[in-house]
Structures are given as C-alpha cells and as structure tokens.
Amino acid sequence: MTTIVSCYYKLDQSKHTQEEYDTWINNLLSNIRCNILVFTCMKDKSYLKNKLDLNCNIKYTIVTKELCDLEINKQYPDIWDNQETIDPNKECGRGRGCYMLWNSKFHFMKEAIELNPYQSDYFVWNDVGNVRDNRIIPFLKCYPDKDKISDNKMDIVLLNGFRNQPDFFCDEVHFSGSMFGCHKNTILTVCDLYYKYFQYYIEKSRFIGCDQQIISSIFIKHMNLFNPVIPNNCNVDPWFFLYQYYSN
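Bear in mind the structure is a predicted one, so any value in this text is a computation, not a measurement.

Caption draft 1: Fine view of the side chain of His-174. Among the secondary structure elements, His-174 is positioned in the loop between strand S5 (154-158) and strand S6 (175-183). A distance of 3.1 Å separates the side chain of His-174 from the backbone oxygen of Asn-160, its partner in a polar contact. With sequence-adjacent residues up to four places away left out, His-174 is seen in contact with Val-157, Leu-158, Leu-159, Asn-160, Gly-161, Phe-162, Phe-169 and Ser-216.

Here it is in structure tokens:
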C-alpha cells in the first residue's frame, strides 16, 4: 500500500496566483484514487477538507501544523532574512515561506512515516499544486502503481545531467523536487542526509531556499540511493513525469 504526502499553506508571497493554485489543487485532489496525508495550518484546513471530501474514492488524513512550528523553523529561526537577501532568483516571487516549505518536505515525509495511518511501506511526495498539465489527469486513476516504486532507491525525475560536481549546487536545475518516492526506509535514510547537507549549506553561507540544489549535492555523494528517472517518451510536462512513470 502507498501513501501520498503533501502540504498546503496559503502564503502571502508565492510563485503563482491563488486562482492558478486552486485549479491545480482541484486537478489533483478530485482525480486521485489513493491514500493521502496532507499537512496544513489551521486557517487552511477547511479549504483543504472541503476539496478532499468531494472525492469519495480516497482516504485522507489532515495534519495541522503552523509554519512557526515546522521543525526547520524551530532549528533555524534566524536564517530567513539572510536567505531572502542572497536568493539569486527572488524576482520569481518566492520568499521565506516557500523556503521553509520546500525544505520541510523530508520532515513531512518522516512524520507521515511515523504516523503511517494506512500502514504503508511506500511513500510518495507530491507537491499539491503540480497538476498543471491536463494530460496528467488520465494517469491519476492508477497513480501511483506500487509495483513501479523502487525499494532501495529514491525515484526522482532527472531533468538535466551533471557537467561538474561541486560541493554545492546553487542556481542550477538537475532534479524535479516536486515529486519523489520509494520505500519508507530509503526515505528515512535520504531524510537524514538532507538535513546534514542543509546544515552544511548554512555553515558555508550558501542559499538553501531551493530543495532541488541540496538534493543534487546529496546525489553526487550518494548515487546508490537514487533512481534518476529520465523523462523518455514523455507525454506530460517533464517536471511532473513521475505521474506517467508511476502509472500502468
């Protein structure tokens, strides 16, 4: 059995409009046919619950957690002003709320595994607003196919290969951090590494606002933990190819 894990927090500053997110969230939550656990804050819980209640084909769990109570915020309460200052792409609309959530994905996954309301062995992270391509929707009826999910490697879409292997990846695009999945034991291993590298970035005064950069750094040192999924024969936006890859 598989559990999808996601989160929804309506931020004052984000990369897209609320109307766009509303459409994309509807696309996901009204069409999936699998168990889902979603983290949100108290003020956004009813918004999420109303959408989930419309889908009679799923079981869902909502976990309420305020932004200020995120583990990343508790451990690093004083880094966000500087992170906004050194963000090389701040003009795209992202800000500290995005940084916090993007860097909480593995904390969310770990907590979901510990709660494990559906007794799942496999877990898939899913950005809640990433069904932006209507060609994805037909795949949702059989997504995610458990037999397609790796046991001892984390499945994640590789968009661009590596020419260099620096200690830090900054402002480069290699992996799509929007979706990834594997057996729960592998997720926990990658989780530990993620926050080890997060700390390393902070110590070296690097920008950590984008989780994809840290994932790239982990990959270079621990390739055995990854199944880089190449979006060959892709019928959807390559960033979200895992929908196609995890479907039968």
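Caption draft 2: Representation of helix H6 (residues 105-115) in the model. Listing the buried residues of H6 in full gives Lys-105, Phe-106, His-107, Phe-108, Met-109, Ala-112 and Ile-113. Asn-116 sits one or two residues past H6 and shows a positive phi near 40°.

Caption draft 3: Representation of the packing of helix H1 (residues 18-29) against helix H2 (residues 42-53) within the structure. Close contact between H1 and H2 brings their axes to 9 Å; oriented N to C, the two are set at 40°. Between H1 and H2, the angle is such that the two are oblique. Considering the relative orientation of H1 and H2, their crossing is right-handed. Contacts between H1 and H2 pair Gln-18, Asp-22, Ile-25, Asn-26 and Leu-29 from the former with Tyr-47, Leu-48, Lys-51 and Leu-52 from the latter. Among the residues forming the contact of H1 with H2, the class breakdown is 5 nonpolar, 2 polar and 2 charged.

Caption draft 4: Molecular detail of the state of the cysteines. The final tally for this structure, using the stated rule, is 0 disulfides. Summary of cysteine pairing: Cys-7 is not part of a disulfide, and the nearest cysteine sulfur, belonging to Cys-98, is at 10 Å. Take Cys-34: it sits in no disulfide, and the sulfur closest to it among the cysteines is that of Cys-142, at 10 Å. For Cys-34, a relative accessible area of 10% puts it in the buried group.

Rules and cut-offs
- Residues numbered from 1 in each chain as written.
- Predicted model: local features only at pLDDT ≥ 70, side-chain atom pairs only at ≥ 80, totals over all residues.
- Heavy atoms only, no water.
- Helix = DSSP H or I, 4+ residues; strand = E, 2+ residues; numbered from the N terminus.
- Polar contact = N/O pair within 3.5 Å; in protein donor to acceptor, adjacent residues only side chain to side chain.
- Contact = heavy atoms within 4.5 Å.
- Buried < 20%, exposed > 50% of the residue type's maximum accessible area, 1.4 Å probe, protein only.
- Axes fitted to C-alpha atoms, helices over the stretch in contact; angles between N-to-C directions.
- Parallel < 35°, antiparallel > 145°, perpendicular 65-115°, else oblique.
- Left-handed = near helix turned anticlockwise from the far one by under 90°.
- Nonpolar A, V, L, I, M, F, W, Y, C, P; charged D, E, K, R; others polar.
- Disulfide = S-S within 2.5 Å.

Any link to function would need more than the numbers given here.
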